[in-house]
Amino acid sequence: MLSLNELWFVLVAVLFIGFFFLEGFDFGVGMSTGILAKNDTERRVLINSIGPFWDANEVWLLTAGGAMFAAFPNWYATLFSGFYTPLVLLLLALIGRGVAFEFRGKVQTAAWKKTWDVVIFTGSLLPPLLLGVVFADLIRGLPIDQAMEMKAGFFGDIVNLYSVVGGLTMVVLCLVHGLMFTTLRVTGDLQARARRLAEMLLAPLAVLIAAFGAMTYFETDIFEGRAFLLTVMGVVIAAAYVLAAVFIAKRRDGWAFGMTGAVIALTIAFFFTGLFPNVMISSIDQAFNLTLTNAASGPYSLKVMTIVALSLLPFVLGYQIWSYFVFHKRVHEQSHLEY
Amino acid sequence: MDVVMLSRIQFAATTIFHFFFVPLSIGLVFTIAIMETMYVVKGKEEYKRMAKFWGKLFLINFAVGVVTGILQEFQFGMNWSAYSRFVGDVFGAPLAIEALLAFFLESTFIGLWIFGWERLSKKVHMICIWLVAFGTVMSAFWILAANSFMQRPVGYTIHNGRAEMNDFLALITNGQLLLEFPHTILAAFMTGAFLVTGVSAYKLLKKQDTAFFKKSFAIAVIIGLVSSIGVALVGHQQAQYLVKTQPMKMAATEALWETSSDPAPWTVTAFIDTKNQTNTGEFQIPYLLSFLSYSKFSGEVTGMKELQSQYEQQYGPGDYIPPVRTTFWSFRIMVASGSLLIVLSLYGVYLAARKKLDNRNTWFMRLMLFAISLPFIANTSGWIMTEIGRQPWTVFGLMTTADGVSPSVTAGQVLFSIIAFTAIYAILAVVMVYLFVRVIKKGPYADNATQKSYESADPFDKEGVPHAVSQ
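Residues numbered from 1 in each chain as written. Chains lettered and ligands numbered in written order. Predicted model: local features only at pLDDT ≥ 70, side-chain atom pairs only at ≥ 80, totals over all residues. Heavy atoms only, no water.

(A) Just the overall build of chain A, in detail. What chain A contains, in helices and strands, is 11 helices and 2 strands. Written out in order from the N terminus, the α and β elements of chain A read α-α-α-α-α-α-α-α-α-α-β-β-α. The principal-axis extent of the C-alpha atoms belonging to chain A is close to 60 × 40 × 40 Å. Here the analysis covers contacts within chain A between residues at least 6 apart in sequence; of these, 79% occur between residues at least 24 apart. (Helix = DSSP H or I, 4+ residues; strand = E, 2+ residues; numbered from the N terminus. Contact = heavy atoms within 4.5 Å.)

Put into structure tokens, the structure is as follows:
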């Protein structure tokens, strides 16, 4: 049986997996408004294809943050204050992106639209980059002292070759995932081009994933004691990637989307498996690690939260799935475009 | 400036800004839900048009409310990590529940509402907007449950050097919450209602779409009257509760240095000298403070000097008097704005009932346009009083604000984020006002023509003739 601390670690992991799987594709679609769309109508089709979903997708991140705060206050406090500057940038990106979707279509001048297009593109590119950096740093270790305070330098501790490779991997992964989502949601030429671009990105993505995997082996200590499990996960990630490539080539878009999603989900699961039973690794001294025990809330609080979360989650999943069902029709140039 | 001061400035600025949009969202979505319900029940297209027109304003506002809310959730950890460690066990739970119960509901069903006009049946579509409304109210409940813990900590024990939850039920039946929640929600309904009446008044003055805006005005002014009276009634209960739970805040609100006489008079205005701890030029109404504090015309109210020495004995040496001038004046600004709103909505309801809503009442309509600002002023000053009046505490009696700040964050980092957030918020504010004015000027019938072409352009439409969208 899982202890409550373990259960909440898994729940936080699941929330992040859900976030990257779902918001991952709308980050990708956001980026592709800048590189795939040829004209305003195509951009609008792309934005409308994620229109009903992106906001709820982002809530997965908020819920993950809330769950960390409630279940592991020390994790929340150390991580959010320690990564202060990257999180400021993340917030600026998410703020700009969110209003840009709503504002873009409200005024019909080229300058207005162009401005918000830039915001949508940057706002969709920065979050996977920054979060990729943060996750890579998490398994690499950070200067956390005895008082659980993380005093990290922006360059070196936070931004380093390894974390940048991690961030770039996440960006390209989200972009490919988003392109596959696009193939499912649009028609015609735009759909064909999305598939083609995804195909072209497969090789660079493979290089990034392989580089990140290899660097993870040398840069981190997470393989110690669970080399087998993590290697198996690595192999499964590689397999999912290969299958994604095969399905894209065969134009089995639904399956391909499932596989790019699987690569994302497994990558996040890999991070969390690597961390366990720590939640943050200290590069100063192992004794300063934040763990499932010393970072957690008390048993009463965890019990209350477990009851609340387990009774609410089925409803949340239910109506989110329903909303995808309601909007299962493809979006095209003749559709009523809300944004 | 030090990290504490900078962090306080950032928290205050971002929270005040966020709370311009939140009450308006809560209030507008409630008003829109009522309009759409009338559409479903009565079947008149006009109500649908109403829901859509006010919905446009709501959506612009909602977007800004949502994105500025993300920052709120992050900055407890970012800027107040010591605070987060100390209270996370208690305080984190309502935040997590808010996300699970409210944020998911709002965000999913707002998507269904925006994009679902043609995809969902009338009734299901109406249920969607009610679920969004329910979500916004739930969101308020849980964040206020967290805030109420800061005002009056309950359901916890100090263990391992931090506050740990030991009674969840106590947390959500906190007396503070049971008053703070209805007060805030009613104020939010009021905010939405007075935006609708104000905009309608403007359009009536301009003699544009008068039938539409008379009806909108009539619906909203009733919501405005009921909620503004409700806010005042709950507010009176809150004052009595405040005397019992946070007497220092009450004394500061009244600039009461010495314990009052019995019965206690209410000071309307005064020149406050915080240095010498005395007031001059007081203008007082006899009996009224006793009434405010105890609902009877007798009883003394303890002054700040006496409380200061009590607190020194209880909590050790320190200055336990909050910024008196700010607390005193913000309370008065709130009460004055609220009272004015009651009077205005009373007269508005009278005009609506007598079917006299037209541009003959020029002065009144102009006042109603100006009154859009009053709920925002009241909301903001109410929260300034609540939060400034609690200082130096962040959690009353348990932790001071200065102790809550992140030790690992530097003043330079906070300065950078203040500048960045202020800049982006300023842009948001300008763009939002610009878009609001545009939507209002265009009016509810602006998109008639384009709307038609969109609808027939849908190839899944029975009589559809596909052709490209012109925009």
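(B) Molecular detail of the nonpolar core. Membership of the largest hydrophobic core comes to 259 residues, with the highest contact counts inside it found for W75 and F103 of chain A together with W54 of chain B. Looking at this core element by element, the count peaks at 23 residues for helix α3 (residues 81-115) of chain B. The contacts of W54 of chain B, once residues within four sequence positions are left out, are I32, M35, V196, V199, S200, F212, F213 and S216 of chain B. Ranked by size, the runner-up nonpolar core spans 30 residues in total, among them V243, M248, Y320 and W393 of chain B. (Core = buried A, V, L, I, M, F, W, Y, C linked by side-chain atoms within 4.5 Å. Buried < 20%, exposed > 50% of the residue type's maximum accessible area, 1.4 Å probe, protein only.)

(C) Looking closely at the packing of helix α1 (residues 4-35) of chain A against helix α7 (residues 161-185) of chain A. All names here are of chain A. In the contact formed by α1 and α7, the axes pass within 6 Å of each other and the chain directions differ by 85°. As judged from the angle between their axes, α1 and α7 are roughly perpendicular. Contacts from F20, F21, G24, F25, F27, G28, V29, M31, S32 and I35 in α1 reach M170, V171, C174, L175, H177, G178, L179, F181 and T182 in α7. (Axes fitted to C-alpha atoms, helices over the stretch in contact; angles between N-to-C directions. Parallel < 35°, antiparallel > 145°, perpendicular 65-115°, else oblique.)

(D) Examining the packing of aromatic side chains more closely. Scanning the model with the defined rule gives 76 aromatic pairs over all chains in all. Ring plane angle 55° and centroid distance 5.5 Å describe the contact between F135 of chain A and F271 of chain A, whose orientation is recorded as tilted. With F135 of chain A in helix α6 (residues 110-140) and F271 of chain A in helix α10 (residues 253-275), the pair connects residues that are 136 residues apart, well separated along the chain. Here F135 of chain A falls in the buried class, since its relative accessible area comes to 5%. Classification of F271 of chain A by relative accessible area gives buried; the value is 3%. Consider the rings of F53 of chain B and W54 of chain B, whose centres lie 4.9 Å apart with planes at 75°: the pair is edge-to-face. Judged by relative accessible area, F53 of chain B falls into the buried class, the value being 1%. (Phe/Tyr/Trp six-rings, centres within 6.5 Å; stacked < 30°, edge-to-face > 60°.)

(E) Looking closely at the UniProt feature "transmembrane region" (unreviewed entry) in chain A. All names here are of chain A. Per the UniProt entry, the sites bearing "transmembrane region" (unreviewed entry) are residues 7-25, 75-95, 116-139, 159-184, 196-215, 227-249, 261-284 and 304-327 in this numbering. Here residues 7-25 is 100% helix and 0% strand, with 27 Å between the C-alpha atoms at its ends. Here residues 75-95 runs as 95% helix and 0% strand, with 24 Å between its end C-alpha atoms. (UniProt positions renumbered as here; feature names shortened; annotations may be inferred.)

(F) A look at the interface of chain A and chain B. Contacts between the two partners involve 79 residues from chain A and, on the opposite side, 80 residues from chain B. Together, the buried faces of chain A and chain B total about 6,900 Å²; carbon and sulfur atoms form 73% of this surface. Counting the contacts that link chain A with chain B gives 1 salt bridge. For the salt bridge of R85 of chain B with E149 of chain A, the shortest nitrogen-to-oxygen distance reads 3.1 Å. The tally of links between chain A and chain B comes to 17 residue pairs in polar contact (both at pLDDT 80 or more). Counting residues per element, the ones that place at least two in the side of chain A that touches chain B are α2 (40-50), α3 (54-71), α4 (73-82), α5 (84-104), α6 and α11 (299-326) of chain A. Broken down by element, the residue count for the side of chain A that touches chain B peaks at 15 residues, all from α5 of chain A. (Buried area = accessible area lost by both parts, 1.4 Å probe. Salt bridge = Lys/Arg side-chain N within 4 Å of Asp/Glu carboxyl O. Polar contact = N/O pair within 3.5 Å; in protein donor to acceptor, adjacent residues only side chain to side chain.)

(G) Structural detail: the packing of α5 of chain A against helix α2 (residues 45-79) of chain B. Two elements in contact, α5 of chain A and α2 of chain B, have axes separated by 9 Å at closest approach and are oriented at 170°. In terms of orientation, α5 of chain A lies roughly antiparallel with respect to α2 of chain B. In this structure, α5 of chain A uses Y84, L87, V88, L90, L91, L94, I95, G98, V99, E102 and F103 of chain A to contact α2 of chain B, whose residues at the interface are L59, I60, A63, V64, V67, I70, L71, F74, M78 and N79 of chain B. Residues that form the contact of α5 of chain A with α2 of chain B fall into these classes: 18 nonpolar, 2 polar and 1 charged. (Nonpolar A, V, L, I, M, F, W, Y, C, P; charged D, E, K, R; others polar.)

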